[in-house]
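Residue-level listing of the chains:
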Amino acid sequence: MYWDLILWIIALVSNIALLAILLYQIICLSDLEADYMNPYDSSSKINSLVVPEFILQGVFCALFLVTGHRFMFLVTLPLLVYHARLFSRGAHLLDVTEIFRALSHEKKYRVIKLGVYLCFIFLVIVRCPADTVSILSIFSSEHGELDIRSPFLEF
């Protein structure tokens, strides 16, 4: 009954975590570009967050598959497949020696992913109230249960 509401709350929290991870990576790349951080520190900080981001994205996608939300699963699936392809090729980590050559590409890649994650959070926020309203409709008197607007609760 309340599992859909819990699903959307978990989806919202995981999506906010994905946004935070990605914003941190973009900030690290910007600091590297402005020469506030050395290449080793920047690439090690970003590389330590790449695999957890991929795992969280996989859980985010699998959560929709398991709960039967096919539209949201199909929307999140292409990014999961792209992450799996990057991971299988070994191209998911930044190389310390090549980081300045690939800096503009990596920033563009992460900004595009930021846009995708913002679309995901928009979809989660839009789809959540529709399920929540149907969940909260059990408090109406149509179901024969106790209505929260009942005079029984007035003192």
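All values reported here derive from a predicted model rather than from experimental measurement.

**Let's talk about the confidence of the model for the protein**
Here the protein averages 84 in pLDDT, and 82% of its residues register 70 or above. Mean pLDDT across the elements of the protein ranges from a minimum in helix α4 (residues 103-136), with 84, to a maximum in helix α3 (residues 70-89), with 94.

**Examining a nonpolar patch on the surface**
Residues Y2, W3, I6 and I10 make up a contiguous nonpolar surface patch of roughly 440 Å² in combined accessible area. Its place among the elements puts I10 in helix α1 (residues 3-33).

**Here we look at unusual backbone geometry**
Located in the positive-phi region is D35, a residue other than glycine, with phi close to 65 degrees. Locating D35 in the fold gives a position in the loop between α1 and α2 (39-67). The exposure class of D35 is exposed, given its relative accessible area of 62%.

**A closer look at α2**
Its 29 residues give α2 an end-to-end C-alpha distance of 42 Å, which sits within 8% of 42 Å, the value for a rise of 1.5 Å per residue. Directly after α2, the chain includes G68, whose backbone phi takes a positive value near 85 degrees.

**A word on the packing of α1 against α2**
In contact at an axis separation of 9 Å, α1 and α2 are set at 160 degrees when each is read in the N-to-C sense. Judged by the angle between their axes, α1 and α2 are roughly antiparallel. In the crossing of α1 with α2, the sense of the turn from one axis to the other is left-handed. The residue inventory of the contact of α1 with α2, partitioned by class, reads 20 nonpolar, six polar and two charged.

Cut-offs applied
- Residues numbered from 1 in each chain as written.
- Predicted model: local features only at pLDDT ≥ 70, side-chain atom pairs only at ≥ 80, totals over all residues.
- Heavy atoms only, no water.
- pLDDT = per-residue confidence, 0-100.
- Helix = DSSP H or I, 4+ residues; strand = E, 2+ residues; numbered from the N terminus.
- Patch = residues over 30% accessible without salt bridge, like charges linked within 9 Å, V, L, I, M, F, W, Y side chains within 5 Å.
- Areas by Shrake-Rupley, 256 points an atom, 1.4 Å probe, with all protein chains shown as cover.
- Salt bridge = Lys/Arg side-chain N within 4 Å of Asp/Glu carboxyl O.
- Buried < 20%, exposed > 50% of the residue type's maximum accessible area, 1.4 Å probe, protein only.
- Expected span 1.5 Å × (residues − 1).
- Axes fitted to C-alpha atoms, helices over the stretch in contact; angles between N-to-C directions.
- Parallel < 35°, antiparallel > 145°, perpendicular 65-115°, else oblique.
- Left-handed = near helix turned anticlockwise from the far one by under 90°.
- Nonpolar A, V, L, I, M, F, W, Y, C, P; charged D, E, K, R; others polar.

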